[in-house]
Amino acid sequence: MKAETAYNVIQALPQQEVERLYKMLGVVTATFTTTKKPKKKPLLSDAEATEYLLRKLGRI
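Residues numbered from 1 in each chain as written. Predicted model: local features only at pLDDT ≥ 70, side-chain atom pairs only at ≥ 80, totals over all residues. Heavy atoms only, no water.

> Would you mind showing me how to read the overall build of the protein here?
Scanning the protein from terminus to terminus reveals 3 helices and 0 strands. The order of α-helices and β-strands along the protein, N terminus first, is α-α-α. Scored against the burial criterion, the 60 residues of the protein give a buried share of 3%. Of the roughly 6300 Å² that the protein leaves accessible, carbon and sulfur atoms contribute 58%. (Helix = DSSP H or I, 4+ residues; strand = E, 2+ residues; numbered from the N terminus. Buried < 20%, exposed > 50% of the residue type's maximum accessible area, 1.4 Å probe, protein only. Areas by Shrake-Rupley, 256 points an atom, 1.4 Å probe, with all protein chains shown as cover.)

Shown next as structure tokens:
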């Protein structure tokens, strides 16, 4: 079996089975797992922040 074949088989496995396989092989999975970073909200500009505060204070 070639490495490419094994790679394709591993890619077809569900994530839970991939983790199980790594445990069987004694591989540390932290280097293989991808962590999703939470999306940050974009910061407000000065004008948007001022407008927001004025709306909340009831002056507009």
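> Would you explain a nonpolar patch on the surface in this entry?
On the surface, Leu44, Tyr52, Leu53 and Leu57 cluster together into a nonpolar patch covering about 430 Å² of accessible area. Of note, Leu53 is situated in helix α3 (residues 46-57). (Patch = residues over 30% accessible without salt bridge, like charges linked within 9 Å, V, L, I, M, F, W, Y side chains within 5 Å. Salt bridge = Lys/Arg side-chain N within 4 Å of Asp/Glu carboxyl O.)

> Would you mind showing me how to read the pattern of salt bridges here?
Once the charged atoms of two side chains with opposite charge are near each other, the side chains can pair. Per the counting criterion, the structure on display carries 2 salt bridges. Between Glu17 and Arg20 there is a salt bridge, and its shortest N-O distance comes to 3.2 Å. Of this pair, Glu17 and Arg20 both sit in helix α2 (residues 15-25), 3 residues apart, which is roughly one turn of that helix. Overall, the relative accessible area of 31% leaves Glu17 in the partly exposed class.

Functional significance is not addressed by these values, which are geometric in nature.
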